[in-house]
Amino acid sequence: MDNTLTAAFLGLLEGLTEFLPVSSTGHLLLAGHFLGFHSAGRTFEVVIQLGAILALFSVYATLILRLLLRARHEDAARRSIVSLLLAFLPAVVVGVLAHGFVKSVLFESPMLIAIVLILGGFVLLVIDRIAPVPVHHDALDLPFGKSLIIGFCQTLALVPGVSRSGATIVGALLMGVEKRAAAEFSFLLSLPTMGAAVVYDLYQNRDVLDFAAMWDIAVGFAVAFLTAAIVVRWVLNFIGKHGYALFGWWRIIVGSVALTALLLGY
């Protein structure tokens, strides 16, 4: 496949999957494996994530700005910000400590990624059915303790294939958060988490970064931005009406196809 087409395809894949509970990293790494695509220091994969982050910020910019302005004189707004920061904290600590192992070992294990995709799919199917009756319907009004637990759930996403949004959404559902509110909390939490992860990853790989293929990076970035902006606006309404079963089956099918191909030697 032509490099530009590959970049566009991977950008599309990033934008489609970043904010769904299906693991964008798992999809990108498996696609890169089967397409024979690799960038030094994972520059391409890291930079196109910025496109998805900016797309999410463009959707939530007004809400975030209002929250920050209200925080100057409203306790409720300040509590919302503290709640998100508490959920963000575990990812900072565990991410820094485990970064080397994750990038050098787990990211290079397509078989592991395929298996985790399948297992995560079954978890989503089960949780979608047995989640407790929701008691929290506002993503910006979660108790501090529950936010922190959701934050610890997010650290599971350091294993490629788990899905950052999937881990936080499952944690939120088990904490009694309503489905749509769980997804929205996951989206808001992703802004500091993904932003910090991208900056830290670029810093850690500064000596091996490869920006030679700037055109391919620009194409992947643009496609990821446009696709993610559409997905974020669509997915909340879909989840509110239909839940997470579709994404569970998606994970199982993609993981099974990938596992079969790997076992056949591809």
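Summary of the structure given here. Keep in mind that this is a model prediction, so the values were computed, not measured.

Side note on the packing of aromatic side chains
Describing an aromatic ring pair means giving the distance of the ring centres and the angle of the ring planes. Within this structure, the stated rule accounts for four aromatic pairs. Arranged with centres 4.9 Å apart and planes meeting at 35°, the rings of tryptophan 234 and phenylalanine 238 form a pair that is tilted. Here tryptophan 234 and its partner phenylalanine 238 are both found in helix 9 (residues 214-242), four residues apart, which amounts to about one turn of the helix. Residue tryptophan 234 is classed as partly exposed on the basis of its relative accessible area, which comes to 41%. You can call phenylalanine 238 buried: its relative accessible area is 17%. A ring pair is formed by phenylalanine 247 and tryptophan 250, whose centres lie 6.5 Å apart and whose planes are at 35°; its orientation type is tilted.

Points about the nonpolar core
With 43 residues, the main nonpolar core has Phe19, Tyr60, Phe185, Phe187, Tyr244 and Phe247 as its most contacted residues. Secondary-structure elements contributing two or more residues to this core are helix 3 (43-70), helix 4 (75-104), helix 5 (110-130), helix 7 (164-174), helix 8 (179-204) and helix 9. Examining the composition of this core, we find that 10 residues originate from one element, helix 8, more than from any other. Setting aside chain neighbours within four positions, we find tyrosine 60 in contact with Glu184, Phe187, Leu188, Val232 and Leu236.

Remarks on the packing of helix 6 (residues 144-154) against helix 7
Helix 7 packs onto helix 6 with a crossing angle of 145° between their chain directions and a minimal axis gap of 8 Å. In terms of crossing hand, the pair formed by helix 6 and helix 7 is right-handed. Residues Ile150, Cys153 and Gln154 of helix 6 lie in contact with helix 7, whose contacting residues are Arg164, Ala167, Thr168, Gly171 and Ala172. Tallied by class, the residues present in the contact of helix 6 with helix 7 amount to four nonpolar, three polar and one charged.

Details of the side chain of threonine 168
Topologically, threonine 168 is positioned in helix 7. With relative accessibility at 1%, the residue threonine 168 sits in the buried group. The residues contacting threonine 168, other than those within four sequence positions of it, are Ile150, Gln154, Ser186 and Leu189.

The rules behind the values
- Residues numbered from 1 in each chain as written.
- Predicted model: local features only at pLDDT ≥ 70, side-chain atom pairs only at ≥ 80, totals over all residues.
- Heavy atoms only, no water.
- Phe/Tyr/Trp six-rings, centres within 6.5 Å; stacked < 30°, edge-to-face > 60°.
- Helix = DSSP H or I, 4+ residues; strand = E, 2+ residues; numbered from the N terminus.
- Buried < 20%, exposed > 50% of the residue type's maximum accessible area, 1.4 Å probe, protein only.
- Core = buried A, V, L, I, M, F, W, Y, C linked by side-chain atoms within 4.5 Å.
- Contact = heavy atoms within 4.5 Å.
- Axes fitted to C-alpha atoms, helices over the stretch in contact; angles between N-to-C directions.
- Left-handed = near helix turned anticlockwise from the far one by under 90°.
- Nonpolar A, V, L, I, M, F, W, Y, C, P; charged D, E, K, R; others polar.

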